[in-house]
Every structure is written in structure tokens, then in C-alpha cells.
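An overview of the molecular structure
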Amino acid sequence: MAERIKAAEKFKRNRVPMPEQPPEKRVKNFDEVPLGYTLEDAIEEAQRCLQCKPAACIEGCPADVHIPQFIDKVIDEDLEGAFKEIKITNGLPAVCGRVCPQEEQCEEKCVMNKKGKPIAIGRLERYVADWAREHGVGDEKPQKSSQPKKIAIVGSGPAGLACATDLAKLGYDVTIYEALHKPGGVLIYGIPEFRLPKSIVDYEINKIKELGVKIITNYIIGLTESVDSLIEKYDAVFLGNGAGAPRFMGIPGENLNGVYSASEFLTRSNLMRAFDFPKYDTPINVGKRVAVIGGGNVAMDAVRTAKRLGAEDAIIVYRRSRTEIPARAEEIEHAEAEGIQFELLTNPVRVIGDENGNVKGLECLRMELGEPDESGRRRPIPIEGSNFVLDVDNVIIAIGQSANPIVARSATGVETNKWGYFVADEETGHTTHPKVWAGGDIVTGAATVILAVGAGKKAAESINKYLEEQG
Amino acid sequence: MYKILEKERWSESVFSYIIDAPYVAKAAQPGQFIVLITRPTGERIPLTIADSSAEEGWVQIVFQVVGKSTLELSLMEKNDELYSFAGPLGTASELENFGGKVVIIGGGIGIAPIHPIARKLKEMGNYVVSVIGARTKELLIMEDKIREASNELIVVTDDGSYGRKALVTEPLDEMLKTEGENIKKIWAIGPPIMMKFCTKTAVANGRGNDIIVSLNPIMVDGTGMCGACRVTVGGKTKFACVDGPEFIGGLVDFDEFMGRQRQYIEKEKNALESYKAKLQKEGRV
Ligand SMILES: Cc1cc2nc3c(=O)[nH]c(=O)nc-3n(C[C@H](O)[C@H](O)[C@H](O)COP(=O)(O)OP(=O)(O)OC[C@H]3O[C@@H](n4cnc5c(N)ncnc54)[C@H](O)[C@@H]3O)c2cc1C
Ligand SMILES: Cc1cc2nc3c(=O)[nH]c(=O)nc-3n(C[C@H](O)[C@H](O)[C@H](O)COP(=O)(O)OP(=O)(O)OC[C@H]3O[C@@H](n4cnc5c(N)ncnc54)[C@H](O)[C@@H]3O)c2cc1C
Ligand code: SF4
Ligand code: FES
């Protein structure tokens, strides 16, 4: 058992760095980039925690993870205890430890951040969850009730999985309907292997199945069966179908060969494993120079995937400046280390094709920053006459996703807003239909894993309350 | 799940499978399609629902061997199981009693998908004239079934080995010229080039808005989540998997559509070659 160190010592020490695959090596493979803490690293980092009461970090966490409590157990090497502490409020710690934007959440609020050295909460969370997976520590099996009520869940992304887990633990009979052939949502088809190994997602899904949750894949709600029909057959329905429809820019040349939406590009590579063509049958075309339009996590994932698929020049084209890039800080740093180029303050106006209809260039305009807009970020304004052409073989569009109307179209009495997202109570996820709840990206628009997990959990609680009241 | 209940070979390269898929069968309507994967390392391939029975829980697909995935599918046997089979996808054909003649054109493998459309239109009281065509007699499928589903049947082959020696566009042009407004609607399903020329024929007769074609662009998910299947229709980008696959022919940008279909041609060719070589080594062909 490691000792508690003095406060003065805590302030003196630095964050324990994360061991990583070196950039020149990792751009040639799809293996995970950060290698994970050792036990010694984890303890050394955990020792720095001030154990604040109340804990500022928890306020920054959308799932209210019991942060200082689990960190304290790490010092005692009580990793099982630490895992259970996290699991009270977060069902997917191995995932969240890897993909949450900690620098805007817990680590931003951490008092140690005042000195620029916040506790590496994400890395510790990941360490504890990985330890639990390697040691087979999981949830206790729920008790089977004799006459369980039945709940249908649409979509097996983080929102659906979190909702299913909590309801199964309460003894309900839960069935998830998933459109694709593999469950996991964005965790499987969107976020690349080098950031979130699929074996981890598969493990989590197996654990959820062990709780008795049935997952029916290849089943598209709205086409194979309507939400209306689920409402008739089940005691309650949770809609967690995400915001998966890709947005395009509406600029000329967008349908040329070699232009992809990030969703298509990443689905081909991650879900269909095109990076391993021809062992896997799905092809993907990546030329020497690839431009990715956008600055979010999706854009970073696409550009780093393109690099790994052989692009010599993989370029981010983003219309604002470095400070406004919305992706996680770690992704931007990783991308820079991997030699990704950034064309900032640049906005595409046209994709240029050759005589065979293949992309050969992207015409762009330079921008400058004006006054802040509604989002508080300074608005980019085009500089007239600054047009120039980037010579590229592929253009990948990563400017956001929107709601796919298939589910909503089949749900009578479940209201949507003008963007097609379900209208749901913020605290409970309850929609305008008494038997239907919704949560995750299909309510908020594209957001984060942890917010989807939180929404799934809140809905589970509300569904339980409703079903208990129904008797 | 998704067991092959029946397998028939209809020509050198065309096969018909009956698949056990009760959920899909229950919801299937004419004009819709499924996406299947043969085995876990396979790709998602879209195929039209040629027929289905909600009561008996099966779906029929009719496919032509054109590349690796369809070749592999053709090598599966009765009682084998597909890894994945999802549907029904896409928007159903908009069928009604149009109050006159409807011309239904099927070319090559496109004869299979016109069958449920013709049958339903006839049931609804339309006078259905079907035109089916193939390169040569050997490749002509489903003649009896289409005859039964229609009031009149015209058979053409490119080489004149069976039926009339003509392209499907010829009888279409003649009918539009002689019968004019009496022809209320046209469906044309087949190879892209055939649909393009049927549309040209309709447009030349002032009927570009009355011809429906079924587009088969390259797809991935088939549910509106990737945009691989985008086509330009009436100057707007549409996703063929959810907004279609049927569109008004006169509005379709066929050249863009046909160009997009060729995106992976090199890789597809190589994949097919190495798969054939592997089969040869294993003594399977
Ligand atoms: C490339 C990429 C990178 C990202 N990186 C991060 C990150 O680093 N950190 C972070 O916090 N967030 C990240 N996000 C956002 C995060 O992944 C999402 O906010 C989160 O996954 C939303 O969860 P969800 O359960 O609401 O939806 P999803 O994960 O989208 O899951 C929805 C599921 O529903 C299924 N479905 C859809 N329609 C139907 C239907 N009709 N019938 C049945 N099933 C259906 C879908 O196939 C899918 O499996 C990223 C997103 C993407 C695309
Ligand atoms: C809505 C729809 C309905 C279809 N219905 C039928 C049908 O009933 N019968 C039938 O025989 N074929 C049908 N097709 C075409 C069929 O999907 C392709 O022939 C098949 O995917 C080819 O796979 P492959 O590996 O054998 O050939 P490949 O070597 O991969 O490709 C050969 C050609 O097929 C096309 N193709 C390749 N991959 C796809 C893909 N994922 N989606 C669509 N087209 C592709 C391309 O034009 C390509 O050049 C349909 C396609 C669509 C989109
Ligand atoms: S705010 Fe930082 S130092 Fe304080 S308890 Fe949370 S993690 Fe520890
Ligand atoms: S195939 Fe992906 S959106 Fe149509």
C-alpha cells in the first residue's frame, strides 16, 4: 500500500505522463496510441490528488463520477473498490477514460488545474477499468423477477447501452434493437481502433448481454418495425438512435469520386475494416493527398485514419483558428505529432474534378476572425479574392451529423423539434408520449459519450419509477 | 438465422435464393431492398426484394455474379446461413390504379425487381404491359412469372436469339408514339445504361416525369447514415437508400450516377481475381 504524501509535495510533482507509441511507428498501424499507465504510474498520479471536499472535479463531470473516492482507493491498490466506485455512476469507464474531453470537464475544474497540472483523472479511470477487465471483475448478476416488465431500446450506442444496463440490473426484461450488424453505435463504427480498441467495446457489450439484455442486430426501427408497434408490445420504449446522418456542405463538386462524408470514410475503415482490404471485402480509396474539412473529433479521427491508410499529406481544413478547434486537446496534439497539416482560417468553396470525375483539388478561401457570434466564438469572415487551390486526391467532409428521420417517422405522438431531434425532458428523458423516453445524440444533437451515458441512466431511472407506479 | 431455404440457378450467372427472414418478410413491400453480408469479413451488399411471404417468413433475392461478393454468395448452399440480412430498406414503390396502361420494363437482372411491382399494379386494376429484355436467350429470366403478373408481355433480346430482336427502348418508343396519354406511367429497372436510355426515350416523348427508375449506386449501410449512395435528382443531392431507390427518371443525373458506380473498379477487379485464384487452388471451380 502506498503512502499519502504531504500537500507541499503534491504541488511540487508533475502529471505522470502517458506512455505512447512513438508517432513515426503509430502512423503505420491502427494500434492504440496511448499505452496505459502501469500500477506505479497510477499510484504516483493518484497520490497528487488533494481529496477536496466538496470536490470541484465532480462538478465538471456530467456523470458525477465519485472521483476523489476512486482515486483514493487506487493509492491503497484497492482497484476492485475503485472500479465499483466509478461504476456507481458510469457504466462505460474503459470507454470514457479514453474518449471524454476531460480538459473541458473534470480536469478543467480540478483545483490543481490552477497551476496547469490537473490530476490525470481520465488516465486513472482508464487504468482502473482496464485492470477490472483484465481481472474479470464485473457487475453482479441481477435477480430475475418472475414477471418482468418488458422494455424496448432503439439503438446500441452509449445511450442505449447505459439505459439497458441499469434497467437489466433492476430486473427488467430488456431488448435492444440495432440497425447495423454490430452493436456499439459510434464506439464501433465511428471512433477508430487507435483511439478505442474494438475489443474493449465488444467486452463491454458482452458484459451487458451477461446481465440478460437481448441485442437484436440487423433490425431497423422505422423499416423492419415501427416505434408504434414497439409501443404496443412493450411496457416502455427508449429511443437512443443517435444523430448519424452526415451533413454535406452544398458546394459544387461534392459528388465527385473521392469525396467522402466522414461517416462513410470512418464506417468503411472501422466497422467494415477496409484498412485490412482485401482480407475484408469493403474497399476504401485513399490518395497521396487528403483534405479533411472540419475541426471536431470526427475530423481528427478521419485525418489520422487517412494518414494511416497511406496518405502522405493529410490536411485539416478549418475555417477558424487553432484556439477555436473543438476537438479534444489530446487528439489535436496527437494529430500534430503524427505530421497532420493544418490549413486554418480556410474555408472550401468548390471541389475540382478531373476529366474522369475524380477529385483533383479543393478550392478554398482564406478567412479572418471578426466579432464573436452566438456561440461566443469569433466569426470567420472570408477575405475577398484570397482563393487558392489545394491539390488533393480526396476530400472528407466532417462538418457534423444530423438526425436520420427514419425512427421519428414511425413514432406517432413523439414530438420532434425543427431539426428532427426528439423533444425530451432534460431531467428524465421523457418524451411527449407517456410510454416513450429518449436520450443521447438524438435529443441533444451530436454531443459526447458521457452525456449519452448520463441520458440513458436518467431515462432508466425515470422508466423504473413510471413502471413501479403502473404496478 | 438467415438460412438459405432454397437455391436455384437460373442462368450461367443468375441465382435465386429464398432466405429465412421473418421480420423482413413481414414488412417488405415492392420496390424495397435488403442488405446482406455473407460472412464476418464480407461487405454489405444491397439486393432488391424479388418476392416475399409474410405468412411463411421468407424473402427471395435474385442476383447476378458480377464480382467477389456475389461470386462468394453464389457458392453458398442450401441450409447455409448468411452472417447478416437487414431490411426492408428504402421507400416502397408508389403504386395505385393509374386508370390506364402502365409499361413495366425489366432488363437483365432488373427483371426480378419488376415482378412484385407488375403483380401489384395488375392487382390494383391497371392494364400492365411488361417488356423484358436480355442480351441473349440464356440470360432471360422469369418469363412465365412476369407473363402471369402482366396483361401483356413483350420479350426482346439484343441478339434476336429469342423474342423480338430489339432493345427495350424500341417497344417503349413505339407504344409512347401510338398510345400517347393512354400510357399513364412507366417503370424501368435494369442496368444503368438501360435506365438512362429508357429515360431518354420517355423525355423525347415528353414523358420524363412519368418514368420511374430504380437506382443502384454503391451503398454501405443502406439506412441513411453514410451518404455513399448520393445521387443528384432534380439538381438536389438525395440518398438513394432512404429517398429512393426509385426516382423520377427525367430528374436523375445519370452521368454522375454511372461515374460514381465505377469508384472502386480497380480494387474490385483485383479482389475478384485473387478470390478466383484462391478458389482454383482449393479446387472449388
Ligand atoms: C468519429 C466520431 C468521434 C467521436 N469522438 C468522441 C470523443 O472522443 N469523445 C466523446 O465524448 N464523444 C465523441 N463522439 C461523439 C459520441 O460518440 C456520441 O455523442 C455518442 O456516441 C452518442 O451516443 P448515442 O448512444 O446517442 O448514439 P450513437 O452512438 O450514434 O448510437 C446510436 C445507435 O443507434 C443505431 N440506430 C440508428 N438508427 C436506428 C434504427 N432506425 N433502428 C435501430 N437502430 C438504429 C445506430 O446504428 C447506432 O448503433 C464522436 C463521434 C464520432 C462520430
Ligand atoms: C438498391 C439496390 C438494389 C440492388 N438489387 C440487385 C439485385 O436485385 N440483383 C443484383 O444482382 N444486383 C443488385 N444490386 C447490385 C448489387 O448490389 C451489386 O452487384 C453487388 O453489390 C456487387 O458486389 P460484388 O462484390 O459481387 O461486385 P464488385 O466487384 O464489388 O462490384 C461490381 C459492380 O457492382 C457495383 N457495386 C459494388 N459494390 C456495391 C455496393 N456495395 N452497392 C451497390 N453496388 C455495388 C459497382 O457498380 C461495381 O462496379 C442492387 C444494388 C442496389 C444499390
Ligand atoms: S478537484 Fe482535483 S485534486 Fe480535488 S479531488 Fe478532484 S481530482 Fe482531486
Ligand atoms: S448507403 Fe449509406 S446513406 Fe445510403
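Every value quoted in this text rests on a predicted model; they were computed, and no experiment measured them. Counting of residues starts from 1 at the beginning of each chain's written sequence and follows it residue by residue. Throughout, the order in which chains and ligands are written sets their labels, letters from A for the former and numbers from 1 for the latter. Since the coordinates come from a predicted model, pLDDT governs what is reported: local features require at least 70, and pairs of side-chain atoms require 80 or more to be given and counted, while whole-chain, interface and lining totals use all residues. As a convention, hydrogens and water are excluded, and side-chain values are obtained from all of the structure's heavy atoms.

**Quick word on the sheet that holds strand β9 (residues 341–343) of chain A**
Residues and elements named next belong to chain A.
- Across the sheet, five strands lie side by side as β6-β14-β7-β8-β9; this open sheet has parallel pairing. The two strands at the open ends of the sheet, each matched to only one other strand, are β6 (259–261) and β9. Ignoring which end each strand starts from, the neighbouring axes of this sheet average 25° apart.
- A pair of strands is considered paired only if DSSP assigns at least 2 bridges between the two. Elements are defined by DSSP. Helices are runs of H or I of four residues or more, strands are runs of E of two residues or more, and each kind is numbered from the N terminus. Pairing of β6 with strand β14 (residues 394–397) involves three bridges; the strand directions are parallel. For V259, the partnering residue across the bridge sits in β14 and is V395.
- Helix α14 (residues 262–271) contacts β6 and β14 of the sheet and is inclined by roughly 85° relative to β6.
- This element, helix α15 (residues 297–308), spans β7 (289–293), β8 (313–317), β9 and β14 of the sheet and lies at about 165° to β8. An axis is simply a line fitted to the C-alpha atoms; with a helix, the fit covers only the stretch in contact. Between two such axes, the angle follows the N-to-C directions and lies from 0 to 180 degrees. Note on contacts: a residue pair is in contact if any heavy atoms of the two residues lie within 4.5 Å.

**Considering the confidence of the model for chain B**
- Along the chain, pLDDT gives the predictor's confidence residue by residue, from 0 to 100. Of the residues in chain B, 100% reach a pLDDT of 70 or more, and the chain-wide mean stands at 93.
- Both confidence scores are given for the complex: pTM 0.92, ipTM 0.90.

**A short note on the interface of chain B and chain A**
- Each partner contributes residues to the interface: chain B has 43 residues there, and chain A has 38 residues.
- Two parts placed together each lose some accessible area; with a 1.4 Å probe, that loss summed over both constitutes the buried area. Taken together, the two surfaces of chain B and chain A that pack against each other cover about 3300 Å², and 53% of this comes from carbon and sulfur.
- Contact with chain A buries area across many residues of chain B, yet M225, R230 and Y264 of chain B alone supply 20% of it, more than any other trio.
- Salt bridges, as used here, are contacts in which a Lys or Arg side-chain nitrogen is within 4 Å of a carboxyl oxygen on Asp or Glu. For D281 of chain A, the salt bridge identified is with R39 of chain B, shortest N-O distance 2.8 Å.

**A few points about the pattern of salt bridges**
All names here are of chain A.
- Throughout the structure, instances matching the rule amount to 49 salt bridges over all chains.
- In this structure, the salt-bridge partner of E32 is R126, at a minimum N-O distance of 3.0 Å. Of this pair, E32 sits in the loop between α2 (23–26) and α3 (39–47) while R126 sits in helix α9 (residues 121–134), and the two are 94 residues apart along the sequence.
- Among the salt bridges present, the one from K457 reaches D166, with a minimum N-O distance of 3.2 Å. Residue K457 is found in helix α19 (residues 449–470), and its partner D166 is found in helix α10 (residues 158–169); the two are separated by 291 residues along the sequence. D166 carries the same exposure label as K457, and that label is buried. Three exposure classes are used, based on accessible area relative to the maximum for each residue type with a 1.4 Å probe and protein chains only: buried under 20%, partly exposed in between, and exposed over 50%.

**With respect to the site of ligand 2**
Residue and element names in this part refer to chain B.
- Around ligand 2, 22 residues are found, and the nearest of them are P46, T48, Q64, S69 and T70.
- Between ligand 2 and T48 there is a distance of 2.8 Å, counted from a nitrogen atom to a side-chain nitrogen or oxygen.
- Polar contact is the term for a pair of N or O atoms within 3.5 Å; when the atoms are in protein, one must be able to donate a hydrogen and the other to accept it, and sequence-neighboring residues count only if both atoms are side-chain atoms. Within the backbone of S69, a nitrogen or oxygen atom sits 2.9 Å from an oxygen atom of ligand 2.
- With four residues, the top contributor of residues to the shell around ligand 2 is strand β4 (residues 45–48).
- Classes in brief: Ala, Val, Leu, Ile, Met, Phe, Trp, Tyr, Cys and Pro nonpolar; Asp, Glu, Lys and Arg charged; the others, Gly included, polar. Of the residues assigned to the shell around ligand 2, the class counts are 11 nonpolar, seven polar and four charged. Only a single heavy atom is needed: when it lies within 4 Å of a molecule or strand, its residue is near that molecule or strand.

**What to know about the site of ligand 1**
- By nearness alone, 36 residues border ligand 1, and V99, E178, R195, I221 and D441 of chain A come closest of all.
- Near ligand 1, the surrounding residues are drawn from chains A and B.
- Between T448 of chain A and ligand 1, the recorded distance is 3.3 Å, taken from a backbone N or O atom to an oxygen atom.
- All accessibility values rest on the Shrake-Rupley procedure with a 1.4 Å probe; residue burial counts only the protein chains present in the view. Notes on ligand 1: free accessible area 1000 Å², of which the protein chains cover 96%.
- Sorting the residues of the shell around ligand 1 by element identifies α10, α15 and α19 of chain A as the ones contributing at least two each.
- The element best represented in the shell around ligand 1 is α15 of chain A, accounting for three residues.
- Class assignment of the residues belonging to the shell around ligand 1 gives a composition of 20 nonpolar, 11 polar and five charged.

**Remarks on the side chain of D373 of chain A**
- When you line up the elements, D373 of chain A lands in the loop between β11 (359–372) and β12 (378–382).
- Those residues in contact with D373 of chain A that sit more than four places away from it in its chain are R320 and R379 of chain A.

**Some details on the packing of aromatic side chains**
- By convention, a stacked pair of Phe, Tyr or Trp rings (six-membered ring in the case of Trp) has centres within 6.5 Å and planes under 30 degrees apart, an edge-to-face pair has planes over 60 apart, and any other such pair is tilted. Going through the model one piece at a time under the given rule, you end up with 13 aromatic pairs over all chains.
- Relative to Y466 of chain A, the ring of W437 of chain A lies with its centre 5.2 Å away and its plane at 65°, an arrangement referred to as edge-to-face. With W437 of chain A in strand β16 (residues 436–438) and Y466 of chain A in helix α19, this pair connects stretches of sequence that are 29 residues apart. There is no split in this pair, since W437 of chain A and Y466 of chain A are both buried.
- Ring-pair connections join several aromatic residues into one group, and the members of that group are Y177, Y219 and Y234 of chain A together with Y23 of chain B.

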